[in-house]
Amino acid sequence: MRYISTRGNAPALNFEDVLLAGLASDGGLYVPENLPRFTQEEIASWAGLPYHELAFRVMRPFVEGSISDTDFKQILEETYGAFAHSAIAPLRQLNGNEWVMELFHGPTLAFKDFALQLLGRLLDHILLKRGERVVIIGATSGDTGSAAIEGCRRCENVDIFILHPHQRVSEVQRRQMTTILGENIHNIAIEGNFDDCQEMVKASFADQSFLKGTRLVAVNSINWARIMAQIVYYFHAALQLGAPARSVAFSVPTGNFGDIFAGYLARNMGLPVSQLVVATNRNDILHRFMSGNQYFKETLHASLSPSMDIMVSSNFERLLFDLHGRNGVALAELMSTFKATGKLSVEEDRWVEARKLFDSLAVSDEDTCATIADVFKRTGEVLDPHTAIGVKAARECRRNLSTPMVVLGTAHPVKFPDAVEKAGIGKALELPAHLSDLFQREERCTVLPNAIEAVQAFVAQHGNRGKPL
Ligand SMILES: *Cc1c(COP(=O)(O)O)cnc(C)c1O
């Protein structure tokens, strides 16, 4: 499989190189040159497969030529063997034909584990083969950091540095990062805010001289392997609900458009997906596009669903590329307009094309809490605020009541106690067994001033399993 840039002016790469690349050199994002397409018979024959075996069949074409079948099978078995629920992504019924797909049974209790648990193992496998080591530097305001650290904790050839704003993440979120101990794991609390952390990561990618030749790898959601891993659970859910004989609709709590883009790819690979609902909080740039063809930057609002607090959606360019007939030149132009003006719209027929599949809703904090309360009252289930937004949007946007609607349950409610409390749910939530002693565990974290020189010096000093680069 070869991968090409959405802006048409960077070298095509194989899977191995795309895994290690961040942005393409022309500023675009990598996408498969040709998407595999499965027949209905093939998809039907996968019904009932264990998750890791289904994952092998869905993802094999993407890694072909870079990883052998035997190795890939073993990596997948290990990856999903570490999940706390034997169904890996169980479906829970809320209502007639309305389901939540629970994607929070991985080690850090959010769907990001599906991709990052795999990414760490894939990186290590390929680096061992190449005899290379890499450094990962990432910034987090919450979920991504812990999932990335968990994904890389056993990697022999990766040192990971995660920056978070000092005293500005919740205690659960901080402890999920700082209690994972390992000589290749480095938590840095910056005396600044999340934007300061993110700026330092960006600047480190722009000038990597402090790394003395060691390669820097990105683990944010533009990494192709993350999208790839997320395609699998759409197949998994749909097969359980009668696909491919029956079509299925999905509602996806959305921020950077990575998770829902995976659903769009599943459909293009042959899965009968009849509708995809983009569910956002009040940071609603995607809803503004889907409802009125207006994609423009606004200020950032802090919400009860912080993992979806974004101003622009970094993966949206991948959909725009397809809407423009995969014309890289046209896309480079569109994105440069966006960079200059902070806004874009597409030609009417392209937007109409997008609207054939996508619907959208922006959900306020108030409606988020009301949905948590409503679902609790009717079913006894406690939803996290992101998933609640997905449920609300599914109910408002649903096209056909006889088509099963699956809401992606992106996080465990115990990670977001504020929203659950605001929703008036008195029930105390408990950490799952594998995290029950989280508050007693030893923490390891270095506090650094809000200065890039200090951070880069720290990385250079510790980037080789705690030793200097
Ligand atoms: C990251 C995240 C999202 C948003 O996913 P995208 O791929 O960025 O659209 C939604 N919910 C939770 C809990 C998350 O951690």
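Above: the structure in question.
Now for a quick tour of the structure.

Definitions and limits used
Residues numbered from 1 in each chain as written. Predicted model: local features only at pLDDT ≥ 70, side-chain atom pairs only at ≥ 80, totals over all residues. Heavy atoms only, no water. Near = heavy atom within 4 Å. Polar contact = N/O pair within 3.5 Å; in protein donor to acceptor, adjacent residues only side chain to side chain. Areas by Shrake-Rupley, 256 points an atom, 1.4 Å probe, with all protein chains shown as cover. Nonpolar A, V, L, I, M, F, W, Y, C, P; charged D, E, K, R; others polar. Pairing = 2+ DSSP bridges. Helix = DSSP H or I, 4+ residues; strand = E, 2+ residues; numbered from the N terminus. Axes fitted to C-alpha atoms, helices over the stretch in contact; angles between N-to-C directions. Contact = heavy atoms within 4.5 Å. Buried < 20%, exposed > 50% of the residue type's maximum accessible area, 1.4 Å probe, protein only.

### Examining the site of the ligand
Right, so step 1: In the neighbourhood of the ligand, 15 residues make up the surrounding shell, with Lys-112, Asp-143, Gly-255, Asn-256 and Asp-259 lying closest.
Right, so step 2: Note that an oxygen atom of the ligand is positioned 2.6 Å from one of the side-chain N or O atoms of Asp-143.
Right, so step 3: In the environment of the ligand, a nitrogen atom lies 3.0 Å from a nitrogen or oxygen atom belonging to the side chain of Thr-410.
Right, so step 4: Protein chains shield 97% of the accessible area of the ligand, which is 390 Å² for the free molecule.
Right, so step 5: Partitioned by chemical class, the residues of the shell around the ligand number five nonpolar, seven polar and three charged.

### Here's the deal with the sheet that holds strand 5 (residues 98–102)
Right, so step 1: In spatial order, the strands read 4-5-15-10-11-14; together these six strands make up an open sheet with mixed pairing. Whereas interior strands pair on both sides, the edge strands pair on one side only; in this sheet they are strand 4 (91–95) and strand 14 (358–362). Ignoring strand direction, the axes of neighbouring strands in this sheet form an average angle of 25°.
Right, so step 2: As judged from the five bridges shared by strand 11 (residues 273–280) and strand 14, these two strands associate in the parallel manner. Note on strand 14: the bridge partner recorded for Ala-279 is Leu-361.
Right, so step 3: The strands touched by helix 11 (residues 285–292) are strand 11 and strand 14; relative to strand 14, the strand with the most contacts, the crossing angle is about 130°.

### Notes on unusual backbone geometry
Right, so step 1: The amide bond that connects Ala-243 to the next residue, Pro-244, takes the cis arrangement and shows omega of 5°.
Right, so step 2: Mapped onto the fold, Pro-244 is located in the loop between helix 9 (224–240) and strand 10 (248–253).
Right, so step 3: Positive phi is not limited to glycine here, since Asn-293 has a value of about 60°.
Right, so step 4: Mapped onto the fold, Asn-293 is located in the loop between helix 11 and strand 12 (295–296).
Right, so step 5: Judged by relative accessible area, which is 9%, Asn-293 ranks as buried.
Right, so step 6: The phi dihedral of Arg-326 is positive, around 60°, even though this residue is not glycine.
Right, so step 7: Considering the arrangement of structural elements, one finds Arg-326 in the loop between helix 12 (316–323) and helix 13 (328–341).

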